[in-house]
Amino acid sequence: MEEKYVPARVEEKWQKLWNDNKSFKAEKVDGKAKYYLLEMFPYPSGRIHMGHVRNYSIGDVIARFKRMKGFNVLHPMGWDAFGMPAENAAIQHKSHPAKWTYENIDYMRGQLKKMGFSYDWDRELATCNVEYYKWEQLIFLQMLEKGLAYKKISSVNWCPKCETVLANEQVEDGSCWRCDSLVEQKELEQWSFRITDYAEELLEDTYKLPGWPERVLTMQRNWIGRSTGCEIDFSIEGRNDAIKVFTTRQDTLFGATFMSLAPEHPLALQLTTAENMAAVNAFLDKVKKTDKIKRTAEDFEKEGVFTGSYCINPVTNRRMPIYLANFVLTDYGTGAVMAVPTHDQRDFEFARKYAIAMEVVIQPEGGSLDAATMTEAYTAEGIMVNSGRFDGLNSTVAKEQIADFLEQEGLGKKTVNFRLRDWGISRQRYWGNPIPVIYCDDCGAVPVPAKDLPVVLPMDATFTGEGGNPLAKIDSFIKTTCPMCGKDARRETDTMDTFVESSWYFLRYCCPDFASGPLNKGKTEYWMSVDQYIGGIEHAVMHLLYARFFTKVLRDLGYCDINEPFTNLLTQGMVIKDGSKMSKSKGNVVDPNGLIEKYGADTARLFSLFAAPPEKDLDWSDQGVDGSYRFLNRVWKLVYECLPLIRATGPLDAAALTDEGKTLRRLVHKTIRKVSDDIEDRFHFNTAIAAVMEMVNAIQAFEPKNQPRNVPVLKEAVESVVLLLAPFVPHFAEELWESLGHEDNLNEAAWPAFDAAAAVDEELLVVVQVNGKLRGKVTVAASATDEEIKGAALADEKIRQLIDGMNIKKVVYVPGKLVNIVVG
């Protein structure tokens, strides 16, 4: 063993050995418990950053720990390689997205290997490889056959800079999540997946995921947005059709005084009279430039325009003016809202602004609301008024009775509605998976026959920066023949949303070389579901919801037998520097390469794990990094100095230890228990590392030289430190393990066993309370009875003085923790 710790030498040695030996290769092993550990795979943007380092270090600790606990661990890595940034980079660098992507993959792979992450690199995949995306095309065709994929004209989020469609989830504060350009609304024909067919199951199964953070489950439930109510028809004056609304507040129907339509509603222009057309068109132009999510915000100004038309309230026969309103969306319900200004705040603000009539139909108990003097809508339950036969009823009771009445009279029906909309997957860009459809003037849209897959993305696209889809300009790709009639035809030039690729990659990891279909069912049955998934909270709705949907689709297509892809989910916090999230745009990025060169990968790992619990944000600290490095050097020095003494020692005889030896051994096994619990149950790596640090301090203070019988416990303590540090700093621990004389590699060693008997305290420190307030502490023998411990508390001099002359009502002992003396 060298006297000085030289990280570069140690890490290069062990990385080569792991690579040569394929130390982390995962194979199906019958009779051995599997553990599938997965971090969300990265976009190959060119460099890994400390956010990656933290995320992957968290995962690697769990993977290495589970291996040492005897599990058959699958821990793969790959690349979410399609997407708009590659096209933007190609334009900027006058290159090609494929060249840019694969160069970045090569570089980032090298960075990850330098970090020593225990990946099975034989399973590596990149979603831009035809061997991956060809199976996605087959899945698309099967979804198309079952009606789960379809094409329709709809209002979409359009990024004018990227010139592509964005999903609702890809719009952040009204801007494109990639380039920050303001998003517009645009009518386009596009392909969609019918995720709404699975809305009920997606919602119900959120209650079957106890290993997920409640925050994420709540976000998904809110996004799916199940609501129970009624569909009601409002006939349109002068026409034979009606406006259909969905409402969860049918108890307020008698108070509906106007109708609000989404600006995108198909009747919007049809119902606009000639004298109102100019105002309506101006309003529509304004709304097109406003993000849908912003339009529904509570603090967003409610605006609208009168169409000039009217509809009829089916229960009051009131003539209701029809407005277009910016806060109504086609994405929820029917795109039409019966407006009840006295009992809905948005409607209230709108009615006040445009001087629309208001009618109170629910009064609070003992209240006397007046529409003319109300300052805000009354939205709570109450007593029905101005509601015909339902007057005097509690509004909650009336809600059910009005629903029954509407069905009996043929005016409406009870129904369930979801906020969730179908997933639009068409993207007007080149660097994505081609949608396998051909357009024929005679036959229409024709699926590419499965035997003709894959539809290979051509590599001869030209990137000029002028915008538009380069794929649409490649005649050799577009021009083809119809599979049905043989006539000239053209290929679809839209490509799939990048989130499609990330919605099933975790399944393909189970069988990346399978050449007969998307998945090998036997292997997916062995490895799936993912036991622990790790990634950012920003993916709570988009990626995680889509992955759950896709898994259920693949189940129904017969490719797998699971309902949910991820058993447990950990959403790690961000890395913060100078008060904000690390990013290139803010200029506060810390390059892991610089850390590795100066301190070594293990120091970078240790700091990222020690500075904060995984679910919390981590504040970057140069001093913290330096402190982690100093700690590793202390441990190295400790092992170096102890080696001559412990290498020649014999087996441990616990009975022969001195009191000092027993104390150290007690601490060793308490630490083993704490570190094990912190990793396995709570992922509190910071407190686990802190416990090891305390044990190192105790070992350094331990003096066994004059007590040979204590040397074996020193050996046990030193080896336990190395074993406990192995998941956190694997190169460092491997080197020390070898120096301690072990022939097996540490990644093949067992996790240290906890000896409960060794960890038992000989004395207990018990807190003493008087009427629930801390008043003192007493030390008692660990073998003392409950009554003896209560007696010791009452006999303590300080406690005696506090309770002198008082009536002791009872004395309560909480075993191992406290005594509470209740006095009166």
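One can find the structure itself at the top, above this paragraph.
Summarised in this report is the structure supplied together with it. (Residues numbered from 1 in each chain as written. Predicted model: local features only at pLDDT ≥ 70, side-chain atom pairs only at ≥ 80, totals over all residues. Heavy atoms only, no water.)

The next subject is the overall build of the protein. Scanning the protein for helices and strands turns up 26 helices and 34 strands. Dimensions of the protein, computed from C-alpha atoms along their principal axes, come out at roughly 105 × 85 × 50 Å. Taking the contacts inside the protein whose residues are at least 6 apart along the sequence as the reference set, 72% of them involve residues at least 24 apart. Accessible surface computed for the protein: about 35600 Å², of which carbon and sulfur atoms make up 48%. With 98 positive and 116 negative side-chain charges, the protein shows a separation of 1 Å between the mean positions of the two kinds. (Helix = DSSP H or I, 4+ residues; strand = E, 2+ residues; numbered from the N terminus. Contact = heavy atoms within 4.5 Å. Areas by Shrake-Rupley, 256 points an atom, 1.4 Å probe, with all protein chains shown as cover. Lys, Arg positive; Asp, Glu negative; His and termini not counted. Charge placed at Lys NZ, Arg CZ, Asp CG, Glu CD.)

According to the stated counting rule, one finds 0 disulfides in the structure shown. Counting only cysteine sulfurs, Cys511 is the nearest neighbor of Cys128, a cysteine outside any disulfide, at a range of 19 Å. Cys440 takes part in no disulfide bond, and the closest cysteine sulfur, belonging to Cys485, lies 3.6 Å away. (Disulfide = S-S within 2.5 Å.)

A few words on unusual backbone geometry. At the junction of Leu453 and Pro454, the peptide bond is cis and its omega measures out at 5 degrees in the coordinates. Tracing the backbone shows Pro454 in the loop between β22 (444-447) and α12 (475-478). Of note, the bond from Met528 into Ser529 is cis; its omega dihedral lies within 30 degrees of zero at 5 degrees. In this fold, Ser529 is placed in the loop between α15 (521-527) and β26 (532-536).

Throughout the structure, instances matching the rule amount to 48 salt bridges. One salt bridge connects Glu680 with Lys66, and the closest N-O pair in it is separated by 3.1 Å. Separated by 614 residues along the polypeptide, Glu680 in helix α20 (residues 659-682) and Lys66 in helix α2 (residues 50-68) bring together distant segments of the chain. Classification of Glu680 by relative accessible area gives partly exposed; the value is 32%. Each of Glu201, Asp205, Lys208, Arg548, Lys552, Arg555, Asp556 and Glu564 takes part in a single network of salt bridges with overlapping partners. (Salt bridge = Lys/Arg side-chain N within 4 Å of Asp/Glu carboxyl O. Buried < 20%, exposed > 50% of the residue type's maximum accessible area, 1.4 Å probe, protein only.)

All right, on to helix α11 (residues 395-408) then. Taking 1.5 Å of rise per residue, 14 residues should cover 20 Å, and α11 covers 19 Å from first to last C-alpha, within 8% of that figure. Listed in full, the buried residues belonging to α11 are Ser395, Ala398, Ile402, Ala403, Phe405 and Leu406. In a view along the axis of α11, the buried residues occupy a sector of 165 degrees, so they form one face of it. The backbone nitrogen of Thr396 has a side-chain oxygen 2.8 Å away, supplied by the residue at the start of α11, namely Asn394. One or two positions beyond α11, positive phi appears at Gly410, with a value near 70 degrees. (Expected span 1.5 Å × (residues − 1). Arc of directions from axis to C-beta. Polar contact = N/O pair within 3.5 Å; in protein donor to acceptor, adjacent residues only side chain to side chain.)

Take the sheet that holds strand β1 (residues 34-39) next. Overall, parallel pairing links the 4 strands, which are arranged β2-β1-β26-β27 in an open sheet. A strand with exactly one partner marks an edge of an open sheet, and here the two such strands are β2 (72-74) and β27 (569-572). This sheet shows a mean twist of 20 degrees between the axes of neighbouring strands, independent of strand direction. Sheet topology note: the β1/β2 ladder contains 3 bridges and is parallel. Counterpart to Tyr35 in the pairing with β2 is Val73. This element, α2, spans β1, β2, β26 and β27 of the sheet and lies at about 170 degrees to β1. (Pairing = 2+ DSSP bridges. Axes fitted to C-alpha atoms, helices over the stretch in contact; angles between N-to-C directions.)

On the surface, Glu172, Asp173, Asp180 and Glu538 cluster together to form a negatively charged patch. Examined against the element boundaries, Glu538 turns out to sit in the loop between β26 and α16 (542-556). (Patch = residues over 30% accessible without salt bridge, like charges linked within 9 Å, V, L, I, M, F, W, Y side chains within 5 Å.)

Moving on, we come to the pairing of strand β9 (residues 184-193). Sheet topology note: the strand β5 (residues 149-159)/β9 ladder contains 10 bridges and is antiparallel. Each residue of the ladder has a partner; that of Asn157, found in β9, is Gln185.

A separate point is the environment of Pro518. Tracing the backbone shows Pro518 in the loop between α14 (505-508) and α15. Spatially, the C-alpha atoms of Pro518 and Ile91 are 33 Å apart, while their sequence positions differ by 427 residues. Ignoring sequence-local partners within four residues, the contact set of Pro518 consists of Trp135, Leu138, Ile139, Trp504, Arg508, Cys511 and Tyr559.

This brings us to the packing of aromatic side chains. Inspection of the entire model under this criterion finds 44 aromatic pairs. Ring geometry for Phe258 and Tyr323: centres 6.0 Å apart, planes at 75 degrees, overall edge-to-face. Of this pair, Phe258 sits in strand β12 (residues 258-261) while Tyr323 sits in strand β14 (residues 319-325), placing them 65 residues apart in sequence. Both residues of the pair, Phe258 and Tyr323, belong to the buried class. Lying over the aromatic face of Trp121, Lys113 brings its terminal NZ or CZ to 5.3 Å of the ring centre. Just above the ring of Tyr310 sits the side chain of Arg319; from NZ or CZ to the centre is 3.7 Å. (Phe/Tyr/Trp six-rings, centres within 6.5 Å; stacked < 30°, edge-to-face > 60°. Lys NZ or Arg CZ within 6 Å of the ring centre and 35° of its normal.)

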